[in-house]
Amino acid sequence: MFDRVAGIPAHPLFIHAAVVLVPLLALVAVLYGAWPASRRHIRWPLVAFAVLAPGSVFFAKESGESFSANKAFQSPQMRAAIESHEEYADTLFWVILGLAIVALVMAFMIPADRDGAARIKAPVAAHYAAAGLSVVLAVVAAFYVYKTGDSGAKMVWDGF
């Protein structure tokens, strides 16, 4: 299932979704937590990105594992580079899943009225904790999406 799409290796196709959706989720989650006036406009995009971004990372990760399954043509250096790339992808998946959960909690814990004022359904401290956690997870997700992509690009363009 994760091997090919219309005869083309799936991994190069799926990674583009992750490269776009992870930073979008990070940006929108931070905006939602930090800028109350934006909440009315970005609540549903936040929910959509919180569902789509982890899914895109999962598909990219699984298709990458399928793509690298043929070990017959891999040198020890290439195998080490692939394992490093897979470790970054595994960490990215758990970080983005955490960010998605925090984003969904914020979206339904802190909905905004029509005038942009937040109607906090939880204690204010919980709002600040969720907003702060979203910033931390967004930074970590941005780091890991960069490291995962960089390690993969080096394998393609540098030969390992």
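In this report, the structure presented in the accompanying data block is examined. Remember, it's a predicted structure, so these values are computed and weren't measured experimentally.

1. Topic: the pattern of salt bridges
Tallying each qualifying case throughout the model produces 6 salt bridges. In this structure, Lys61 and Asp90 form a salt bridge, with 3.4 Å as the shortest nitrogen-oxygen distance. In this pair, Lys61 is assigned in helix α2 (residues 39–67) and Asp90 in helix α3 (residues 76–109), connecting sequence segments 29 residues apart. Note that Glu83 and Arg79 form a salt bridge whose closest N and O atoms lie 3.7 Å from each other. Here Glu83 and its partner Arg79 are both found in helix α3, 4 residues apart, which amounts to about one turn of the helix. Where salt bridges share partners, they join Lys61, Glu62, Glu65 and Asp90 into one cluster.

2. Let's talk about the nonpolar core
Val22, Leu25, Leu46, Val57, Ile96 and Leu99 are the most contacted members of the largest nonpolar core, which has 33 residues in total. Counting only elements with at least two residues in this core, the list comes to α1 (10–34), α2, α3 and α4 (124–158). The element best represented in this core is α3, accounting for 11 residues. In this structure, Leu99 is in contact with Leu25, Ala26, Ala29, Ser134, Leu137 and Ala138, ignoring residues within four places of it in sequence.

3. Topic: the packing of aromatic side chains
Considering all chains together, one arrives at 7 aromatic pairs under this definition. Centroid distance Tyr88 to Tyr144: 6.2 Å. Interplanar angle 50°. Geometry classified as tilted. Residue Tyr88 is found in helix α3, and its partner Tyr144 is found in helix α4; the two are separated by 56 residues along the sequence. Assessed through its relative accessible area of 22%, Tyr88 is described here as partly exposed.

4. Overview of a nonpolar patch on the surface
There is a patch of nonpolar side chains on the surface, built from Met1, Phe58 and Phe59 and spanning about 330 Å² of accessible area. The residue Met1 is located in the segment before β1 (4–5) in this model. Classification of Met1 by relative accessible area gives exposed; the value is 79%.

5. A look at the side chain of His11
Residue placement: His11 occurs in helix α1. Classification of His11 by relative accessible area gives buried; the value is 14%. If we skip the residues at most four places from it in the chain, His11 touches Ala60, Ser63, Gly64, Phe67 and His85.

6. Considerations on α1
Across its 25 residues, α1 extends 37 Å between first and last C-alpha, which sits within 8% of the 36 Å expected from 1.5 Å per residue. Here α1 has its buried residues at Ala10, His11, Ala18, Leu21, Val22, Leu25, Ala26, Val28, Ala29, Tyr32 and Gly33. Residues of α1 that are buried in the fold lie against β1, β2 (8–9), α2, α3 and α4.

7. With respect to unusual backbone geometry
One non-glycine residue, Ala6, lies in positive phi territory at about 55°. We classify Ala6 as exposed; its relative accessible area is 77%.

8. Description of the packing of α1 against α3
Contact pair α1 / α3: the axes reach a minimum separation of 10 Å and the direction vectors enclose 40°. Comparing their axes, α3 and α1 come out oblique. In this structure, α1 crosses over α3, and the sense of that crossing is left-handed. Contacts from His11, Val22, Leu25, Ala26, Ala29, Tyr32 and Gly33 of α1 reach α3 at His85, Leu92, Ile96, Leu99, Ala100, Ala103, Met106 and Ala107. Of the residues belonging to the contact of α1 with α3, the class tally is 12 nonpolar, 3 polar and no charged.

Reading guide: rules and limits
- Residues numbered from 1 in each chain as written.
- Predicted model: local features only at pLDDT ≥ 70, side-chain atom pairs only at ≥ 80, totals over all residues.
- Heavy atoms only, no water.
- Salt bridge = Lys/Arg side-chain N within 4 Å of Asp/Glu carboxyl O.
- Helix = DSSP H or I, 4+ residues; strand = E, 2+ residues; numbered from the N terminus.
- Core = buried A, V, L, I, M, F, W, Y, C linked by side-chain atoms within 4.5 Å.
- Buried < 20%, exposed > 50% of the residue type's maximum accessible area, 1.4 Å probe, protein only.
- Contact = heavy atoms within 4.5 Å.
- Phe/Tyr/Trp six-rings, centres within 6.5 Å; stacked < 30°, edge-to-face > 60°.
- Patch = residues over 30% accessible without salt bridge, like charges linked within 9 Å, V, L, I, M, F, W, Y side chains within 5 Å.
- Areas by Shrake-Rupley, 256 points an atom, 1.4 Å probe, with all protein chains shown as cover.
- Expected span 1.5 Å × (residues − 1).
- Axes fitted to C-alpha atoms, helices over the stretch in contact; angles between N-to-C directions.
- Parallel < 35°, antiparallel > 145°, perpendicular 65-115°, else oblique.
- Left-handed = near helix turned anticlockwise from the far one by under 90°.
- Nonpolar A, V, L, I, M, F, W, Y, C, P; charged D, E, K, R; others polar.

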